[in-house]
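# Chains, contacts and geometry: an overview
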Amino acid sequence: AGYVLHNQNKLPAALNMYQRARAAKPKDAQICLAIADVLAAMNKPEQALQEMARFDKVSQPTTLSIYEKAKILLALKRYDQALAELDKNFNQDPANFANNKLYASTLANQGNRLKALEVALCLLANANGKEMEASKQRVTNLLGPMPEGVPPNVIAKAEGRIKDLRVKARMHFALGDVYDRKS
């Protein structure tokens, strides 16, 4: 019920249901994540971070918990800590679209354009459809101030993270389209 209410954006009611669920299962880590997510959506990042601390006491970090913690840290303007969390997920899975999209945009906003470009290239390699178009635009925007295009060391780093040759080929093909659009 909490999940349904949460998706309907009935946040106080969702929080109430999640808290009732916690009363029934106080050591369930997934309930901590759900409560943290709804508190973050309610613009209560300090309380959400406390829920993440509770999660850490009852469970090992997961891709989702790391991502959720990073979003909360960003809301608290703790950019370095958020980037460290997002980097953990990026190192584990360079194809994680939600995490790496947030990671690339945060890196760019913090002025780390080269790392943002590496992350964006991994997104580009693994995207398709609308995600591919968004990824091409992201790479184009990051390339804006770089007159020579993508530095070879950034391409090499992205290639090192991508194991599948077909995915590497897709990255280069899509990058060719980006260069063509940029003339």
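Residues numbered from 1 in each chain as written. Predicted model: local features only at pLDDT ≥ 70, side-chain atom pairs only at ≥ 80, totals over all residues. Heavy atoms only, no water.

## Topic: the side chain of Thr-106
As for its placement among the helices and strands, Thr-106 is situated in helix H7 (residues 97–109). With residues up to four places along the chain from it excluded, the contact list for Thr-106 reads Leu-74, Leu-83 and Leu-86. (Helix = DSSP H or I, 4+ residues; strand = E, 2+ residues; numbered from the N terminus. Contact = heavy atoms within 4.5 Å.)

## Comments concerning the packing of H7 against helix H8 (residues 113–126)
One way to put it is that H7 packs onto H8 with a least axis distance of 8 Å and a crossing angle of 155°. One element, H7, and the other, H8, form an angle in the roughly antiparallel class. Considering only the axes of H7 and H8, their crossing is left-handed. The segment H7 lies against H8, with Phe-97, Asn-100, Lys-101, Tyr-103, Ala-104, Leu-107 and Ala-108 engaging Lys-115, Ala-116, Val-119, Ala-120 and Leu-123. For the contact of H7 with H8, the class distribution of residues is 9 nonpolar, 1 polar and 2 charged. (Axes fitted to C-alpha atoms, helices over the stretch in contact; angles between N-to-C directions. Parallel < 35°, antiparallel > 145°, perpendicular 65-115°, else oblique. Left-handed = near helix turned anticlockwise from the far one by under 90°. Nonpolar A, V, L, I, M, F, W, Y, C, P; charged D, E, K, R; others polar.)

## Concerning the nonpolar core
With 32 residues, the main nonpolar core has Leu-117, Leu-121, Val-139, Val-150 and Leu-175 as its most contacted residues. Of all elements in the fold, only helix H6 (79–92), H7, H8, helix H9 (130–143), helix H10 (152–161) and helix H11 (165–182) reach the threshold of two or more residues within this core. With 9 residues, the single largest contributor to this core is H8. Apart from residues no more than four positions distant in its own chain, Leu-121 is found in contact with Val-139, Val-150, Val-154, Ile-155, Ala-158, Met-171 and Leu-175. The next biggest cluster of nonpolar side chains, apart from the first, holds 23 residues, and it includes Ala-29, Ile-31, Leu-74 and Ala-82. (Core = buried A, V, L, I, M, F, W, Y, C linked by side-chain atoms within 4.5 Å. Buried < 20%, exposed > 50% of the residue type's maximum accessible area, 1.4 Å probe, protein only.)

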